[in-house]
Each structure stands twice: as structure tokens, then as C-alpha cells.
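Overview (structure and organization)
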Amino acid sequence: MKRRTVLRVLSVAAGGALVPLSRPATASTATDRQLAAGLTAYWDFPEGAGASTREQVTQSTNPINYVFNDAVYKPDSDPLWTAKQQADGVLSGALLFDGYSTWIARDASATTLPTDGLTVEAWVAPRAFEWGDDGKPSVVINQQDKGARRGFCLGVGRHGVWQFGIGTGDAWYEVALPKSAALAAGEWAHVAAVFSPADGAVRLFLNGEPVAQTAIPAAARLSKADVPLLVGRHNQPAVINGTFAVNMFNGLIDELKLHGGALTDTEVAASHQADLKTFDGGTIPKAALAMNRSRYDGDRYRPAFHFTAPNHWMNEPHAPIQVGGQYHLFYQHNSHGPYWHNICWGHAVSEDLVHWRDLPVALAATADSVAPDGVWSGASTLDANGVPALLFTAGNDSQRPNQAVGLARPVDPSDPDFAQWTMHPSLVISQQADLDVGADRKVRFGDFRDPFVWREGDTWFQLVGSGVQTSSGGAVGGTALLYTSTNLTDWTYRGPLMVGDVATYPKTGQVWELPTFLPIGKDAQGRERRALLINPAFPDGPGEYSSKYVFYWVGVWDGSSRTWTPDTTVPQLLDYGDHFTGPSGTVDDKGRSLVFTIAQDRRSEQGHYDAGWAHNAGLPIVLSQRADGDLAFQPVAEVANLHDGAALVTIDSATSVSAANAALASVKGDLLHIKLTMEAGSAGTLGLDVLRSPGDEERTRLFYDTAAKELGVDRTRSGNVSSAVPDLGIQKGPLTLADGKLTLDVFVDRSIIEAYANTHRSITTRAYPSRTDSLGLQLFGEGSTVTSLTVWKMGGMAA
């Protein structure tokens, strides 16, 4: 870690005056002062495992709160600890606070705090920094009632600017760091806060060095708050979605000490030096903060072969790109817990699109950058030198709109993983309120996000999602705004690529998000045909349509004239399952147009809390053109790399439904790939039940209705454990069979079910069975014939 030395810092005192850091008188020796100050509480976390820790002063055992101490969807497991390493000295075997469910509570009466002096010190390694809801820090340790101006709090604020506050009953004194002394995510740091009325100051120290102080009256005395002492959790947290307490610490804590008196500068430095001597070579060890997927082992609903974030929350994957034989995928991620907030870019790589390896967070909200308040979805491309570049939605709440487009490049272009990225110092596109979007119309100012980028010759094209309104403010529809550039930093607005019609097609939204524009082939005249995919958004409502649909149009694109001519203005729904959203795409070195999506899990907030994770990606799909010019799509061929052994069932000649079911009777599982072709014959409905219990009490039914010519899913018996809605219902849409044949490519991955029908439509859905025996397969369709059927067991996505 880079040592930070601050020779002189001016800090804002309680009354607003600037005061210099002082060097108060010290006791005769550090030992004498340590004895006088004495430890009143000390957690050194020596256990390295287990669901409790011993506080060394009182020798009392403190339980560690953790979501999987009493797990709901998996076997119980202990809180997270780092491995014990002798080279790590006093930091060997530290406790990892997961950011939303890990904390230690101690009764108010269990800790004696002196009133005339207090020192709090700890080693901390934050994994990431919270937004700072309600202006409150992520707590390392507190026993506070700030409203009553009682107690104390040590915590980490936005962008790593940590702080300490203390209440005297009549005042609350708080001292925060200058930005130059902020903590660095992913690195150990020794922090100390000293409340010293005798010296008239509260002082802060980073790695043994004084970095800030604020003046207090000599008569100030700590007024203890009659609330539990909490480690890792705020006494009065903000609450997200009625479920998630935020202002919690996310990362490692070790060597946490409360001294019953005020240590001097010399003594704090000595304490730091004593710890340094325990490290191999006197060097602060690396913080072991990588997220471990094994935390979820045994979770009956967590997908195994669909891409998931290693921990906690993800929504759309985006900015896919292939470089040097590796596919890179980024995704919206909250490392603090399984809820939408604190969004950064997760990052993973794959050589085959189905086995993925986790990499560090690529982009995060950073102080003094173009994105201090959030890094939202975006795209990727190669620059003129063949080096990847990221275009992202930069969040800055001090500006209006708070959404703009930023640019990022790899720190080390020679690194094949591109593990570290740096943001360009200025925005590359900011939305203008006067953009020309047509006569008597205006752009929806403030909705401007999710760039999609591609290159043709020496020109880069960029689409940004937004909306169009009438001049009086009525909703016209979503839009994809088109920009061009010759250098990736200077962009020229060219107008809307297309504008939606929300009045005629209300499910297409007032705003378009994640516009994705990919080639699908040529027409008879040799002109390039493309598909435009969009994710509709509904800032004006209704909420019932949100996060359910991806619509598309196909047509002819002419890059030289920048014109897009869709075959029809009628939107087409890609997937009928109401869970397939958030498209992004790229063209790989095989010339394939690849699309990635998010598969919504539709769980309750309590379900997310209890599970510890939220959402996953759909399988990558390949877009192409049908003979009739419409869009065809299917999963990438590489899904076969996930087959775990030989096929469990193979039927390759005409077979009755009953005979096929006899062959399926022995197949049980929730990690399956099924390829099925059926001739409809005289059947009114036909298809496949998955996740079926032996008595048919539970099952998810994929069906085709021959009379209505509709493909659908019936989830009325699917099971809805943790579902956000009680009635899962039936979802369906039009599909015309070719030669009376239904071909299904079906993937069952615990709670997610994907079915691709005739390479033209799909069903993405979820099921949360309550029965542990809901693992069977069964065909139905009296009067139909099975012409082919193959079933494989599937392996996991881990590289």
C-alpha cells in the first residue's frame, strides 16, 4: 500500500473555524499511557472460522450475524473469513463483512466507555464504497444516537473518505478526512480516531500518521448512547426497498480496539509500527477480497451454467467484446448486497462464451471523475490501434441531466484480461435539451443512457437510448439517438435512428434503453440488413410493463447515408416469457452477431435477502436472417461444451409420446439440455413439462396451441417460493409452425428455463418449486409424434 503522509491539514472545527493539526503533549512513555488508557474492548478475530468471535477484554463470545447462519435456500454455512497466513501477522484470518448481512452486536451495558477520552482503532480493507444514503457512513463500529447527540461512530463515507463522530449530549462533533487521505478500495489501512478533551481535539490517523482534527471544548464529555454496540452495521441505517439496511461495511475488519482513554500521536504511531513488525518483511499484506462463488453451494434455485455475478446483485450484462481470443463481458453489479444500488461494472472473461472467469470490478463511481455517482450500462469497441475502449453511462447528480456518456481505456493494453481501466478525464457526450428530434417535438431531457457503439471504416457510430415528447410534453415514444465520431472522443449528433409510437404500442415504452443494432445478413440487392433491439422503459408508468420485454425491428441500414429503413414500424416481441430483458451485443471473429440479456428472477426483496444473490444472464444467442427476412436466433453452438457426459436419452426416429415418456421416466434433474422435435399431427396442444413432480403437483409447461398458433408457458403449477407475485399465470405469443413441426431447444438451470422454438421465438421464464422432487420431464400431446429427442445433463459455467 502506498503510504500517505500529511504534514499539515486544516480541518473544519465544530464551529466552522479552520484549525491546524496539533501535536499534544505525550505521557512519559507509550507503555504508561497505554496502561492509563487501557483497552475496554478488543476484537482480534483469531478464529478464522465459525459464527462467533471472542472479545478479548471481557472474554465474552459475540455471535456474528450472517444471512446463511440459518439459510433458507441452501445448507447453513459460516460467515466469511480469510485464510490464516503466517505472513499476514495480526491480519491473519480476518472477518469479511459481506456488506448487507454481516455484523456483530453487543448489549449496551456490555462495554464500559470512559467519558473523558476514547480511542478507536482498526485495520480495515473496504471492498467497495457505498453511496452514503442519508449522508451516513458505512459503519466500522458505532454505538450512537446521532439525533440525541450521544455515542460515537467510526465509518467510511463515499469514495473512501472515512470519518469519526462523537456525541456529548449537547453537541455532535464530527471530523472527516481530506480526499487525499481517503481509503483505497481493496487495500488494508490502519485507521484510528482519538477523542481527547484534555487536548481540545478529536484527531484522525491513517497508517500511524495524523491526517485531520477538529477542535472540541475541554469540558466535552462522551455521552453514551443506550443502544447496542454494533460492528459493521449502523445503529440508525437507511433502508432500501423496506428490506435492506445500508450504511453497512463491505470488506475486511481486524484488530478492532476501543481504548479507554486518548492515545497520543506517538502512541498511535507506535501501535501501527508494532503491527507492521508482525507482517512478512514489514509490508502490509494484500487484502483477500475476491468474491467466492462457493458461498452459494447447495442453493436449489441459483443457476449453475448461466452467467451469474460471483456474489450479490447483477442486472444487465453489457459491452461484450472479443479481443485476442477472449470474450469480455461486463455487467451492472452491486457488490454490497443483492439489491439495486451502488452500481459498478463487473467483469468476466471466457474463451468459449459459456465458461467464465471472474475479474476485478472494471469501473466504479470515483471522486473527481466524470462518474462520481454511478457507472451504468454501456458498450465497447476497438480503437484505431485495436485496443478496446468502453463507452459508459456516467452518473453525476450535480449535473442535469445526471446521465452522460464517458469513455474508459485499459490501464495496460498488453494485459490480455484488461483487468484495470481508467476513465477519460472529460465526458464525450452530454445530452442537449435542444436536440432536433422532429417538427413540434423535443427530446426527453434527462433520459440519456446505455450507449451502443460499432465501427464502419474510419467512422464510429453510437446509439444512445432516450425518448421523444411533443413540444407540450406528451409522450411520443422511445428513441435511439445517433452520433458519429472519427476518434471516439468527439461526437456529432445525427438525429434519431428511429422513434417509437407508445400510443399505438404502449408496451414499447416512453423511453428506449439498451438499443442494440446488429447485422443479420444481406438482402437480394446486397444491402446490409440489421436488427434493432430495444428494452422499453416506463418512467411515466405503468409499472406492470417494466423489465419484461425486448422488442425488435429488422430492416436495411446504409452507413454511408446514415439511414435506417425498417421493414415495418410494427414492433416484434422477441421472447414471450416476460423475463428476457436488457439486450447488448457484439460481432465476433466468426462474424456472428451475438446478443446477451438479463434473465429477471422476479423474486421478492426478502427472497433476494435470504438468497444473497439476484438475477443472472440469459445464454448468449446468435442473430441471423430467416428466408422471409425476419429475425432468426438460437443459442450459441458452444452450449454443447457444457454437456456433462453422454446424452441421457436419444430418440432419432418417429416415436409415440407414450414411448418417449417411458424413455424419459428415469431422467431426473434441474440441470438439463433438451432438444425436441414434434409433429403436431391432430394434437390440440403439445409440448414438454419440466421440473415436474411425480404426481404432477408441480411442473412448468412449455406448450404449443395448434388452433391459436401460439407458443406459451403455463406456470400455474410451477411453484412460487420467494416469487414477487403469487400468481405466475400463462404467458404466450404467436408462432407459425413450419411443416407442422415444433422444434424446441430447452435449457433447465435450476430456477431458470429457456426454450427456443423453431429458431424464431423463445420463452425465458422462472420456476421456484416447493417440492424437492420436482425434477422430472414429461411430454404431452395426444395425436402428435416425437421425431427426435435428446437430453443431456449440464455442467457449470466456472472456467
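This write-up is about the structure you can find in this document. For clarity, every value in this text was computed on a predicted model and none was experimentally measured. (Residues numbered from 1 in each chain as written. Predicted model: local features only at pLDDT ≥ 70, side-chain atom pairs only at ≥ 80, totals over all residues. Heavy atoms only, no water.)

1. A short note on the overall build of the protein chain
Applied cut-off: Secondary structure counts use DSSP, requiring at least four H or I residues in a row for a helix and at least two E residues in a row for a strand, with both numbered from the N terminus. Throughout, the radius of gyration refers to the C-alpha atoms, and the reference size of a globule is 2.2 Å times the residue count to the power 0.38. Burial here depends on accessible area, computed with a 1.4 Å probe over protein chains only, as a share of the maximum for the residue type. Under 20% is buried, over 50% is exposed, and the range in between is partly exposed. Should any heavy atoms of two residues lie within 4.5 Å, those residues are counted as being in contact. Computed with a 1.4 Å probe, the accessible areas rest on the Shrake-Rupley method; for each residue, only the protein chains presented here act as cover. Within this scheme the basic residues Lys and Arg register as positive and the acidic residues Asp and Glu register as negative, but His and the chain ends are omitted. Think of each charge as sitting on NZ of Lys, CZ of Arg, CG of Asp or CD of Glu.
Regarding its fold elements, the protein chain presents four helices and 57 strands. A globule of 799 residues ought to have a C-alpha radius of gyration of about 28 Å, and the protein chain, at 29 Å, matches this closely. Taken along the three principal axes of its C-alpha coordinates, the protein chain extends 95 × 60 × 50 Å. The buried share of the protein chain, taken over its 799 residues, is 60%. Restricting to contacts in the protein chain with at least 6 residues of sequence separation, those with at least 24 account for 64%. For the protein chain, the exposed surface amounts to about 28800 Å²; the carbon and sulfur share of it is 48%. Treating the 64 positive side-chain charges of the protein chain as one cloud and the 85 negative ones as another, the clouds have centres 2 Å apart.

2. Details of the nonpolar core
For the record, the criterion: Only buried residues count toward a nonpolar core. Its members are Ala, Val, Leu, Ile, Met, Phe, Trp, Tyr and Cys residues joined through side-chain atoms within 4.5 Å.
Membership of the largest hydrophobic core comes to 97 residues, with the highest contact counts inside it found for L532, L623, I674, V746, L779 and L789. With residues near it in sequence (within four places) discarded, V746 still touches L672, H673, I674, L688, V690, L702, I753, E754 and A755. Counting residues in hydrophobic clusters, the runner-up holds 47 residues, among them F45, V161, I216 and A220.

3. A closer look at the side chain of E121
This is how it is decided: Distance and chemistry together define a polar contact, namely a pair of N or O atoms within 3.5 Å, with one atom able to donate a hydrogen and the other to accept it when in protein, and with adjacent residues in sequence counting only for side-chain atoms on both sides.
Inspection of the secondary structure puts E121 in strand β9 (residues 118–126). Within the structure, the side chain of E121 is placed 3.0 Å from the side chain of S271, a separation counted as a polar contact. For E121, the residues in contact, after removing those within four places along its chain, are H190, V191, A192, E255, L256, K257, H259, L263 and S271.

4. Points about the environment of Q469
One can find Q469 in strand β32 (residues 459–470). A C-alpha to C-alpha distance of 54 Å links Q469 and A122, two positions 347 residues apart in sequence. When neighbours within four sequence positions are excluded, Q469 is seen to be in contact with D440, R441, K442, V443, R444, G474 and V476.

5. Some thoughts on helix α4 (residues 657–664)
Rules: Directions from the helix axis toward the C-beta atoms define the arc.
Among the residues of α4, those classed as buried are V657, A660, N661 and L664. One face of α4 carries all of its buried residues, which in axial projection span an arc of 100°. In α4, the exposed positions that point more than 90 degrees away from the buried face belong to S658 and A662. Lining the buried residues of α4 we find β46 (649–651), β47 (655–656), β48 (671–679), β56 (776–780) and β57 (785–793).

6. Topic: helix α2 (residues 265–276)
The condition that has to hold: A helix is expected to span 1.5 Å multiplied by its residue count minus one.
Over its twelve residues, α2 extends 17 Å from the first C-alpha to the last, a length consistent with the 16 Å expected when each residue adds 1.5 Å. Of all the positions in α2, only D265, E267, V268, S271, H272, D275 and L276 are classed as buried.

7. Points about the environment of D98
Mapping D98 onto the fold places it in strand β7 (residues 95–98). Judged by relative accessible area, which is 0%, D98 ranks as buried. D98 sits 152 residues away from N250 along the chain, and the two C-alpha atoms are 5.3 Å apart. Polar contacts involving the side chain of D98 include one to the side chain of S101, which spans 2.7 Å. Within the structure, the side chain of D98 is placed 2.5 Å from the side chain of R295, a separation counted as a polar contact.

8. Describing the pattern of salt bridges
When charged atoms on two side chains of opposite charge get close, those side chains can pair. Counted only if it meets this: By convention in these notes, a salt bridge is any Lys or Arg side-chain nitrogen within 4 Å of a carboxyl oxygen on Asp or Glu.
What the rule picks out here adds up to 32 salt bridges. The closest approach of N and O atoms between R449 and E513, which form a salt bridge, is 2.9 Å. With R449 in strand β31 (residues 449–456) and E513 in strand β35 (residues 511–522), this residue pair connects regions lying 64 residues apart in the sequence. Given the relative accessible area of 12%, R449 is considered buried. D644 is the partner of K793 in a salt bridge, and the nearest nitrogen-oxygen pair spans 4.0 Å. Placement of K793 in strand β57 and of D644 in the loop between β45 (631–635) and β46 is noted, with a sequence separation of 149 residues between them. Taking relative accessible area as the criterion, K793 reaches 41% and is therefore assigned partly exposed. A residue is classified by how much of its surface remains accessible, and D644, at 42% relative accessible area, is partly exposed. Here the salt bridges share partners, and the residues they tie into one network are D689, R692, D696, R699, R701, D714 and R717.

9. Some thoughts on the sheet that holds β56
Note the following rule: Strands are treated as partners if at least two bridges between them are detected by DSSP. Each axis is a line fitted through C-alpha atoms, and for a helix only the stretch in contact is used; angles between axes span 0 to 180 degrees, taken between their N-to-C directions.
The five strands lie next to each other as β52-β51-β50-β49-β56, forming an open sheet whose pairing is antiparallel. The open sheet terminates on both sides in strands that have one partner only, identified here as β52 (730–734) and β56. Looking at each pair of strands side by side, their axes are set apart by 10° on average, direction ignored. Sheet topology note: the strand β49 (residues 685–692)/strand β50 (residues 700–705) ladder contains six bridges and is antiparallel. Residue pairing for β50: G687 is matched across the bridge by F703.

10. Digging into the layout of surface pockets
Which entries qualify depends on this criterion: The method works on a 1 Å grid over the protein atoms by themselves. A cavity is a set of points holding a 1.4 Å probe that cannot get out, a pocket is an open set with protein on both sides within 12 Å along at least five of seven lines, and residues with an atom within 4 Å of a point line them. Grid points are joined across faces, edges and corners, and a volume is the space filled by probe spheres set on the points.
Its volume calculated, the second largest pocket comes out at about 640 Å³. Elements with a minimum of two residues in the lining of the second largest pocket: β21 (312–323), β25 (374–382), β31, β35, β36 (528–537) and β40 (580–587).

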